[in-house]
Every structure is written in structure tokens, then in C-alpha cells.
Amino acid sequence: MRPHSGTLVMDISMTRAENYEGVFQCTARNNHGTAISNNIVVRQSRSPLWSKEKMRPIVVQEGVSLVLRCRPPAGLPPPIIFWMDNNFQKLPQSKRVSQSLNGDLYFSNVLREDSRNDYICYARFTHTQTIQQKQPITVRVLNQAPVDERKPTFLIPSGSSSSMMVLRGHVLDMECIADGLPTPEVSWSKVSGDLPSRRTSFLHFNKTLRIVNVSESDAGDYRCTARNQLGSVHHVISVAVKAAPYWISGPPRNLVLSPGENGGLTCRASGIPKPFIMWTMNGIPIENSPPDADRKVEDDMIIFTNVQTGSSAVYQCNVSNEYGYLLSNAFINVLSEPPRVMTPPNKIYQVIKNHPALLDCSSFGSPIPKITWFKDTRSSTLDGDPYVLHENGTIEIPVAQAQNSGKYTCVASNLLGIHENHVYLEVKEPTRILKQPEYKTVQRGRSVVFECIVNHDKTLFPTMTWLKDDDELPDEERFIVGSDSLRIIDVTESDAGVYTCIMNTTLDHDSASTKLTVVEAIPEKPDPPTDLELTDQTKRSVQLTWTPGDEHNSPIQNFLIQYEDSLHHRGHWHNLTEVPGTMTTAHLKLSPYVHYTFRVFALNAVGHSNASSPSKKYKTDPAAPDENPAGVHGFGTESNNLVISWKPLTSLQSNGPGLHYKVSWRQKRPGAEWTTETVSNNSKFVVSGTPTFFPYEIKVQAVNDYGEGPEPAVVLGYSGEDLPIAAPDNVQAVVINSTLAKVHWDAVPHHLLRGHLKGYKVHYWKNHSSHKHNPDHMETNILTFSGDHIHGMLPGLHPFTPYSFYVVVYNGKGEGPKSSLHHFKTPEGAPGPPASLEVTDANLDSLTLVWTPPVEHNGHITGYTLKYQPVNNSNELGPEEELALAANQTSITLPNLKYSKRYKFLLSAQTSSGVGPASSQEAVILLDEGNTQTSHPFAWPPPRRPLHKARPASPFANVSYSLEEDGALISWKNWGPEKNVYVEYITDNSEEEWQRELVNGSENVKLTGLKVGLPYRVRVVAIGHRDQPLHSEELFVTVPAVASRQVDIATQGWFICLMCAIALLILILLIICFIQRNKGGKYPVKEKEDAHTDPEFQPMKDDECTFVEYSDNEDHKPLKGSRTPSNGTVKRDDSDDSLVDYGEGGDGQFNEDGSFIGQYSGKSSCRDNAEGPESSEAPSPINTMNSLNSFV
């Protein structure tokens, strides 16, 4: 035991610590009783080693669940568990892999990357500061197909429900770890209510629900749910909350009683289950203590009546249940003491008038003393208005006045005696602000003063404090605080705000606030400086001083000093220098031979002031020049001269009268002598008779009547140039590819250039056309290579073409002689697209493609490749067919096409070098309404694609278009990151603004409302970095005149009836014909034809005309059974399906929606009058009959 202390010290250095394990309790005794402490449990901290075990590898299939057990040794206190690898790095955990509360590592499903040989469980024992390691666990995941996906099941806890108990005030941890593939998500809910949000947290990737500071309301059922794509599983945890005993109204309190008084001790506690209460006195159960008639025990209370001296004791209340206990000591002190006043004597209380005053009289005694108050004399007690006497002896005056000041006496008395104490009360006048600071509006840069006049009690010492916006004043010298004022100088915008003055005393304070508004002063131009004065005059300098004018609310930034030279430029003022606005003096450097007059301008933010009055005139003496002319050059204008030029000096630089120049020159060679000439009133001199392009040394010196300038610098110049006299040698060409060649040559010697080398030029041209296109045309191209290049590239050549070229050198005078003529030929290249691709002879299931060879063969055409595929209504392409065609083939018939399908055709030519770009065409097979036995296809024009590749800056590729019935469909590929994409279009050669069509994330957009026959320029635009627009190549789109698709008319009832009537009439006529022939007669067809005068009834002669059944102006193609011209071809005027015909040709007229007017107009074609007028009237049933009669 430590001396004079209740501390027990156990030295375990000489013995085993286990010997001191146990439960200890401290007991303290004196003459008044015995007090005991709570139980103190002493245990030795333990960190046992892991038992040795051989860990076999765990082999599992991918996708199954896995649990790695830790099972740490039991320690005291329990260890902290964590998993690491051989490198002491924590193993990563996730929704799929996590550690449970008991330390095991759970895998909801294993992956192949989970294979490793260093799964190590560590246990850290905090009290012993040691870490124990389990043997590494090896996991191998088989390299096989993973198991099938499965709905979740719980690894822990097992079953569909479980239960657990937690103590009140402790932490509740509930855990659910699920197996499943894909990895399940775990969620929590309370079945019978809501989770306590402020005390709830989710740990271990939502697998653990933690509730801290548990209360009875947390009891109930909790549901954890594991869910993945295949289903879900639930588990219900029933939580019961128990409670160790806890105080309801606090532990029993010490009690002081005087003899004969009554009292009691209360030991009120609660717990789950209800705790048991046991009373002891001085450590002995109360039932075993000596009986006392003054004491009565009633469950959680002990009642004392008429206690006597000697009944003092320490009572213990022990409240316990199976989860814990409470122990409290309460001292019952039966005491007999005379009264004592604890308040210091003669204490002075100071209060402010009209405020409450509280005078203390703290006392001690047993029995409890009675307190009585007197003022000044003891004529009467203070127990009525305006006095209030409190139980602790304090007397209160709710509203103190000046007459309440004085001496107060407090008397404490009981049966054993009496004690009194004197205190004093002083009532002070309140602190009041008589003049509040006023609201101020001040211009920026001005000063402002706030006054705050205060009245206060003269016996108190006040202090004045100022606040700005409820904070301290800025720590700046501009803020000056006086005894009753605040002054701010040079006000800025930041000074605006609310200012508060506070007058503090030791008892009270008063405050008042005001507002300062800072407005911008209206600045104006400053006034001009005055009082210009010249001092410190020397030959080359003078000092100028002045007095600034008024700034006009804008500080002067600088002063501008100007001068006038009345000797050389009277009336002209020149800028000399500028000085900062804070200066009023300038030291001016002057030039000789100038008559100076100075003036000064002031500049502020508004502008310049007017000029000051001029200073007195100051004349400087002449002197020799200080500098020579600048910009000296030597060059030739002819092959036999040298022109020397320079920049003349100004009058200010001349320094005196009689300015002229000494011009000197000599050839740059050893022993050459200088030649000098004097030049006046000029800035150049011509030396004649010089050799061609020879170097000369040149110098120019300034001279006046007072002497020469400094020694001039020597400048190198050259006499005049002449044309080169030699051509490049060893010229040769190397062909790189079909469009690029490299030309080499030897440099022309320097002495033969006769001038400054500017470079070389290559002149080249085609010898003739390989494709018989303008064979006599020859265009010369020139490529210039600046500098001393001896080779150059010739780009943009035409494949499979012979070229001729020569090389010349050129200088500043011009080109030299030509080199010898050389030749080369480019190899074959990929051909251009076929010149045309047209659709003809379209039937229900076939059509014919006709094309012409490429304009640019670029070699020998070795064949053609045809690709075609169907296109559905959403512009999706079907399976592609590909055909290889012969080089001499210009048409092909495609059979077995699907009816009412749109087809896309791509035809490309090829040479031995490769395949060229393709020409495209589209066609739609539709039924003709007039005759269901004959189909007339409608062939769309080919979509036009850009001829060149897109610029590198553009994110768009494969930009194209296709025409549809209600507009043009623009398509592209977007290879860039830009999302803000739109399509712009404008009429070709129009000055209007581009029209814009926004794109919503797709790679195509339909432009509707385009006018028929007009060409449009279309481009795709994206907004790139820093709002820079990125454009695609422009397309040229022309919307043709498209006939309306005539399908619905065939379903009209009147049309069906009309066709039936015509068919019946034809049948009757055929029967009559056969009857007439069988009778041997002749059917009078000619008479019937002659009898009709209607111009619609035209005779059909086999040897004159071909009858073409009705068709629209969009598609002039012969039908089945129709006759063609004798040469077996279809004329372009009748069958061409180009955009030109759609936009400009034909007799059809368009409605506003682009459809034809007169959809049934027919044509007849005669051999003798192929270009004659055509009938635009629709065929009638009688026409049809007449045609049949003609054939009969």
C-alpha cells in the first residue's frame, strides 16, 4: 500500500503475473463510517502463438464461393484480425471479397485472378504490442469454364432467421455475407420500423449494419436482403436489447441532518431484467447491522426519522442483474454546528440603475441557519416589497434605484447560535450615447468623421471601441480612433459598411451603429501645370520644374514634356519625355544648335490636361555631329554600277549648320584604295563603271561647319548583278510513284551566278495525253526551290504519263540558261471512277447497268468490280454481292432482284496498280399503276461523294447523301470526340447565311424543304476545342423532280371498276374478231379509225412509229413489248436519268411538293420525227382499244 494513499501497488517483477489475477475491492474507514469501492478485476494480457498446422492448397472452380478461415488464438483482450500478403500489403476487399466480423475471408464467387499462395491472416494483440501470423494459404482457381450463374444464398448467417442479444448503450453489429454469381448486392431494413439514421452506419461494403449507443427502441426484427440479376434471398435477425442496471435519477446523495431531523436516501435504478437492490451500512448488509428504530428500509429507499447524534454512517446501495451492477456510497452525517456566514465581509456590490441587484449570504450550520436581512439600522427586516429573499439566503432587489444604495446586514441563526455579516450596495447611473454617429455618403479618396458622444457614471472608467461590420477595424493608419470619434482618411470602396461605436464600463455598455456609403467621385481632366522654370542650365542639359494643377478626383499618372525648335521647325511641338505623376521636376538632355521652348501636360485616368504656358526660350550652341547616318547600303541597279544609300540625319541630329556627307568606297581586295566624294542635300550616290557583282567596302560620315562626326562603320555592298551564265549540270529524275518524282542537279559555281543566288526552278510538262483527251494541249508547270537546294520533289503528277523537264538557276536579275532537256514517265496508278453509271431496262426482278469508262485511265484498265446490296427503309444495308467484270464490258443485266426493293450499286475500275474510286447509283423497283403486268423502276441519282479526302482537322469521314421522296439523307462517320454536331446547307452561289439542322447523337440527318432543281452546298460541322468549328468537305446536292409514287390509286374502287369494264370490252371485241375471221370477212378497222376525228385516236403503223405505253416524265424507259429504234439503243433524251434531266429537262411540271402535274402523260416516238412534239394527254380506254385494233 502506498503511504498516505489508498493506492495499492503490486510489483510483479519478482514473481509471476498470474499470481495477482483476481477481483479487488477498496475499503475506506474512519470514525464516521466505512465506504467501499466497485470491484476491480485484474487479468494478465495474453498473446498466444498460432498452433502449428500444415496448410494444404485449396483448389476451386471459377465462380464458386469460398471461405478462408482465420481462427486466431484466444487472447486477452481479443486480437484485431487483418489479411495481408507476403509483401505486407493489405489484400484488396470489395463487394465480392470481404472479411467477416470473426476474421474469416469470404469470397462470394472466385475469379481466376484470385489464385495466389500468400493469403495470410494476422492477429494483432494491442496490450502486448505483438502480431501473430498464420501459415500462408494457397488458393488455386481451375482454368476451366466458370460455373453457371446462380441466385444469392447466405454464407453467414445460416437459415432464414437468427437472433442475437445486445446490451443497452453498446454497439450492435449485424452481418450478412452472401454467395452468388454475379456478385450480390446487400441491403438492410428494419421490419417493424425505420433504422435510426443518426446512429446507423453500413460497413464492409454494406454487409455489416452497425448501430451505436443501442437503446430499448432498437429491439426488433432486421432484414438483410442479397440480390443479383437472378433473384434475391432474405434473412431476418431478431434483436433483443438487455440492459445492465442504470440510474434513473442519479445515485444516492450525501445527507447532512441535525439531531431530531428527518431525511431519506433514494436508490432508484432500472435495467432489463429488473435489477435487485441491496442496502449495506458501513459495508455490512443492513439486515445484519444493529437495529435502529430511527431507520426504515422500503425497497429502494431508507427513511430516517428523528435522528440522533451518533447515527452517522456510510450506506451502500448495490443494484444488480445478470448483466452488471451499480454501487454507490452515501454519507449520512448527523451534525450539530452553530451558524457561519461564508460570504466575505464588507463586500461591495455595484449595479446599474434599473437593473436587478443580488446580495449574497452564503451560510453553514446544523440545524440549517435562518437568514434575516437589515438595511442600515435594524429598525425592520427586509422581507417585503421591493425585496425578494431566496432559499439560499440571497436577497434580490428586482429594480435597483439610487435610494437602494447603502449598508446591508445579513444575520444567520439556529438553535446553537447567531452570526452576522455586512455588505454594501452602490447603484450607478447607466451609460448612454447622447449623440449617435450619423449616416455618411462620401466620395472615394475623401475623409470622413463619425462622432459618438456618451454620458456615463463619473465613478466608472469607460473605454470606446469601434467595429466595422461587427468585426474589428482594419489595422491601417487611415483609421484614427479618438475619445468620442472615428476618422477615416483617403476612403476606398472597401471602407463602405456598417460602423458601430461601443462604450464599455465595468458594469454596462451602450452602442450605436451607422452606415458609410462610398461613391465614385466624378473624375475630370486635370488642370494644366503652372510656373514652368528652367534651372541648372548646361550646354547639353537643363532642369525643368513646374507646379501641378488640380487633379479633379483622379490622381495624375504622369507628365508629358514637349519642346518646340523655333530655329528649324517653328510652330511644331515634339514629345521629349514623360515622368511619373509624383514628380514635379525633370532633368532634360538637349541637342546642340536647337532653340528650345518647353511645355508640360498632366495625364490622369480621364485624359490629358491642356498644355501649360510655354517656358522661356533656351538656346544650345552648335557642335560637330554626334552620329553618322544609319541604314547604309551598297547595291547595283545596273550590271556596271554601285548605288550607295543612307538615311539622312534630321535637323535635330545635325548639331550645326552646313550638314553634308563624306561617302567613301573601295573594292574588297588586298591593296585597294579608298575613293571619297562629298554629297550634300542627297541620301545616295551612284558609282559607275564597276565590274559586275563585285564586293565593295562602304562608309558614310556626317560633317557640318563645326567638324566631322565619329569614324563611320564599314558596310559591305555589291555592285550590280547580271543573268547567270551557266546552267545546272548532271540533271536527272527519279520516279518515286505514280504521282511523285524527285529531280537532282549539281549546283552552279558561285562565280558563274553573277549575282545573289535566289534558287533553282524546274520547268516540266506532259509530252502527250495517255488517254486521248486533249492530246495537243500542253501546259508547263514551274516549281521554285529557294536557296542552294540541289534536289526537289515534283508532286501532283498524272499517272502513266510521260513528262519532259529542264532546270534553271536564277538570281536577283533573272533566270540563267536552260539545262539539257530530260524525260521520265510515271507508272500506272489507280484509275478514276467510271464516267457514268446508269440504270436501264428495269423489270420486276432485273435491271441493266450501263457505264462508260473512266475519264482518267491512269494505266491500262484490267477490269471492273461491281458491288450491290439492298437498302431497307431505315437505310440499313443488306448482304453485299460482288461481280468481277471484263475490261471491255460496258453493261450488265442483273437478274433475280427482289421486287419493291431499293438497291445500291458501286462500280469501280482497276488497273495493275489498284482499284480506283467507285461510281454509285441507286434504284427502286416499283409497279406501274396503269398496267399491273409491267413494272417500271424508279432509279434514284447516285449519291455524290466528296472528290478529295477530308482535311486532317475534320473529325468526319465518308460524308455522302442519298435522295429520298421527302428530302436528302446526309450520312457520315464521326471519328472525333465532339458531340455538338449539326448540318449546315446553303444554295450554291448564294450570299445568304448558312441554314442549320441540329443532330441528336446520330450519324445521319434528313434535310427536308429543299427546293427542286436548285443545287445546294452541304457540310457537317462540329464544335471543337475552344468553340472552334470543324467542317467536313462540302457536298453538292441537287433535288430532282421526283414523280409521286402511284400505288394507292390501284386500290381505289372507281379505278378497279374502270379496268374491269375495259377488260370486258376488249374480250367482247376479241370474240367478235374471231367470229368475223371464221366467217371469212374482214373487220373494218380502217373505216372505224377514219371515222373518228378525235385527235387522240392516232393510227399505229408498224413501219412508222413505236408505241410506248404511258409513263411519267421522270422515267422515259421503253416497256415490255414496246419497240425501240432500229439500232437497238435507247436515246439519251428518252432514257437518261441524270440530275440535269430531273432539274431542267422534260415537259412535266411540278407541284409545290415536288410531284408531277399530269402523272399519266404519254409519248409516241416516230422514226421520221424523233424530235417532234409529244402528246401530253393521258391515254384513255378508247386509245387502248385502238392500239389493240392496230395490232389486230
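Up top you'll find the structure we're talking about.
Residues numbered from 1 in each chain as written. Predicted model: local features only at pLDDT ≥ 70, side-chain atom pairs only at ≥ 80, totals over all residues. Heavy atoms only, no water.

Visitor: Residue-level account of the overall build of the chain, with values.
Guide: Each helix and strand in the chain was counted, giving six helices and 92 strands. Split into buried and exposed, the 1192 residues of the chain put 40% on the buried side. When contacts within the chain are restricted to residue pairs at least 6 apart in sequence, long-range pairs at least 24 apart make up 63% of them. Accessible surface for the chain amounts to roughly 66,200 Å². Of this, 50% is attributable to carbon and sulfur atoms. (Helix = DSSP H or I, 4+ residues; strand = E, 2+ residues; numbered from the N terminus. Buried < 20%, exposed > 50% of the residue type's maximum accessible area, 1.4 Å probe, protein only. Contact = heavy atoms within 4.5 Å. Areas by Shrake-Rupley, 256 points an atom, 1.4 Å probe, with all protein chains shown as cover.)

Visitor: So what's going on with the pattern of salt bridges? Which residues, and what values?
Guide: Where charged atoms of side chains with opposite charge meet at close range, the side chains can pair. All chains considered together, the criterion is met by 31 salt bridges. A salt bridge links Arg478 to Asp495; its shortest N-O distance comes to 2.8 Å. Of this pair, Arg478 sits in the loop between strand S46 (471-472) and strand S47 (479-481) while Asp495 sits in the loop between strand S48 (485-488) and strand S49 (497-504), placing them 17 residues apart in sequence. Each member of the pair, Arg478 as well as Asp495, is classed as buried. A salt bridge links Glu984 to Arg996, with the shortest nitrogen-to-oxygen separation between them at 3.4 Å. Taken together, the residues Glu984 in strand S83 (residues 981-987) and Arg996 in strand S84 (residues 995-998) connect sequence positions 12 residues apart. One connected set of salt bridges, linked through shared partners, spans Glu984, Arg996, Arg1017, Arg1019 and Glu1034. (Salt bridge = Lys/Arg side-chain N within 4 Å of Asp/Glu carboxyl O.)

Visitor: Which residues make up helix H2 (residues 1053-1078), and what are the values?
Guide: Counted at 1.5 Å a residue, the expected span for H2 with its 26 residues is 38 Å, and the 38 Å between its end C-alpha atoms agrees. Of all the residues in H2, the buried ones are Phe1055, Ile1062, Ile1066 and Cys1073. (Expected span 1.5 Å × (residues − 1).)

Visitor: Describe the packing of aromatic side chains, listing the residues and the values that go with them.
Guide: In total, this model carries 22 aromatic pairs according to the counting rule given. Relative to Tyr122, the ring of Phe82 lies with its centre 5.7 Å away and its plane at 5 degrees, an arrangement referred to as stacked. Of the two residues, Phe82 is situated in strand S7 (residues 80-84) and Tyr122 in strand S10 (residues 116-125); the sequence distance between them amounts to 40 residues. Comparing Phe82 with Tyr122 shows no difference in burial state: the two are buried. Ring centres of Trp765 and Tyr806 lie 6.0 Å apart, and the angle between their planes is 65 degrees; on these two criteria the pair is classed as edge-to-face. Of this pair, Trp765 sits in strand S68 (residues 757-766) while Tyr806 sits in strand S71 (residues 802-811), and the two are 41 residues apart along the sequence. Each member of the pair, Trp765 together with Tyr806, is buried. (Phe/Tyr/Trp six-rings, centres within 6.5 Å; stacked < 30°, edge-to-face > 60°.)

Visitor: Now, about the side chain of Thr690: what can you tell me, with residues and values included?
Guide: Residue placement: Thr690 occurs in the loop between strand S62 (684-688) and strand S63 (695-704). Its relative accessible area of 7% is what places Thr690 among the buried residues. Engagement of the side chain of Thr690 in a polar contact is seen with the backbone nitrogen of Asn641, the distance being 3.1 Å. Apart from the residues within four sequence positions on either side, Thr690 is in contact with Ser639, Asn640, Asn641, Leu642, Tyr696 and Ser719. (Polar contact = N/O pair within 3.5 Å; in protein donor to acceptor, adjacent residues only side chain to side chain.)

Visitor: An account of the state of the cysteines is requested, with residue identities and associated values reported.
Guide: Taken as a whole, this structure holds five disulfides when the rule is applied. Between the sulfur atoms of Cys267 and its disulfide partner Cys317 the distance amounts to 1.5 Å. The S-S bond linking Cys267 to Cys317 shows a torsion near -65 degrees; that makes this disulfide left-handed. With Cys267 in the loop between strand S23 (263-266) and strand S24 (269-272) and Cys317 in strand S29 (residues 313-321), this residue pair connects regions lying 50 residues apart in the sequence. Like Cys317, Cys267 is buried. (Disulfide = S-S within 2.5 Å.)

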